[in-house]
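# Observations on the model geometry
Here's the letter readout for the chains.
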Amino acid sequence: RLSDPQWTKLALEASNRALELNPHLAAAHATSGFAMVNLSSDRAPEGMRRLERAIELDPRSALAHCYLGQAFEKTKQPGRAEESFRKAASLEPDN
């Protein structure tokens, strides 16, 4: 559903609210970062930083690595995207 701009905005609002309550939630950083990258190319750099922060907080988050891979694809960085997707797959090989 994050491909739908309305859902993406809601996800961004909810994840930002979660980060206000607890700035150490990796999943909230990942969701807000992914939403930013998908909403606007102007917000992509900040979104990428949030995705990287999510991985700093939880290096074993396959979701964060997958979202980062999608962000790299969107920002025309295929090599880095592949690296992120491979990492996500290694963390959750059955998913």
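This text goes with the structure placed above it.
We now turn to the structure provided with this report. (Residues numbered from 1 in each chain as written. Predicted model: local features only at pLDDT ≥ 70, side-chain atom pairs only at ≥ 80, totals over all residues. Heavy atoms only, no water.)

## Let's talk about the pattern of salt bridges
- Within the structure shown, the criterion is met by four salt bridges.
- A salt bridge links E20 to R17, with the nearest nitrogen and oxygen atoms 3.2 Å apart. Remark: R17 and E20 occur in helix α1 (residues 5–21); sequence separation between them is three residues, near one turn of the helix.
- The class of R17 is partly exposed, set by a relative accessible area of 45%.
- Of the charged contacts, one joins R50 and E46 as a salt bridge, the two residues approaching to 3.3 Å between their closest N and O atoms. (Salt bridge = Lys/Arg side-chain N within 4 Å of Asp/Glu carboxyl O. Helix = DSSP H or I, 4+ residues; strand = E, 2+ residues; numbered from the N terminus. Buried < 20%, exposed > 50% of the residue type's maximum accessible area, 1.4 Å probe, protein only.)

## Looking at the environment of D42
- Within the secondary structure, D42 is located in the loop between α2 (26–39) and α3 (44–57).
- Using a relative accessible area of 70% as the deciding quantity, one classes D42 as exposed.
- For the pair D42 and L63, spaced 21 residues apart in the sequence, the C-alpha separation amounts to 23 Å.

## Regarding helix α4 (residues 62–74)
- The terminal C-alpha atoms of α4, which comprises 13 residues, lie 18 Å apart, in line with the 18 Å expected from a rise of 1.5 Å per residue.
- Looking only at α4, the buried set comprises A62, A64, H65, Y67, L68, G69, A71 and F72.
- In the stretch just after α4, K76 is the one whose phi turns positive, near 60 degrees. (Expected span 1.5 Å × (residues − 1).)

It is worth stressing that arrangement in space is one thing and function is another; only the former is reported here.
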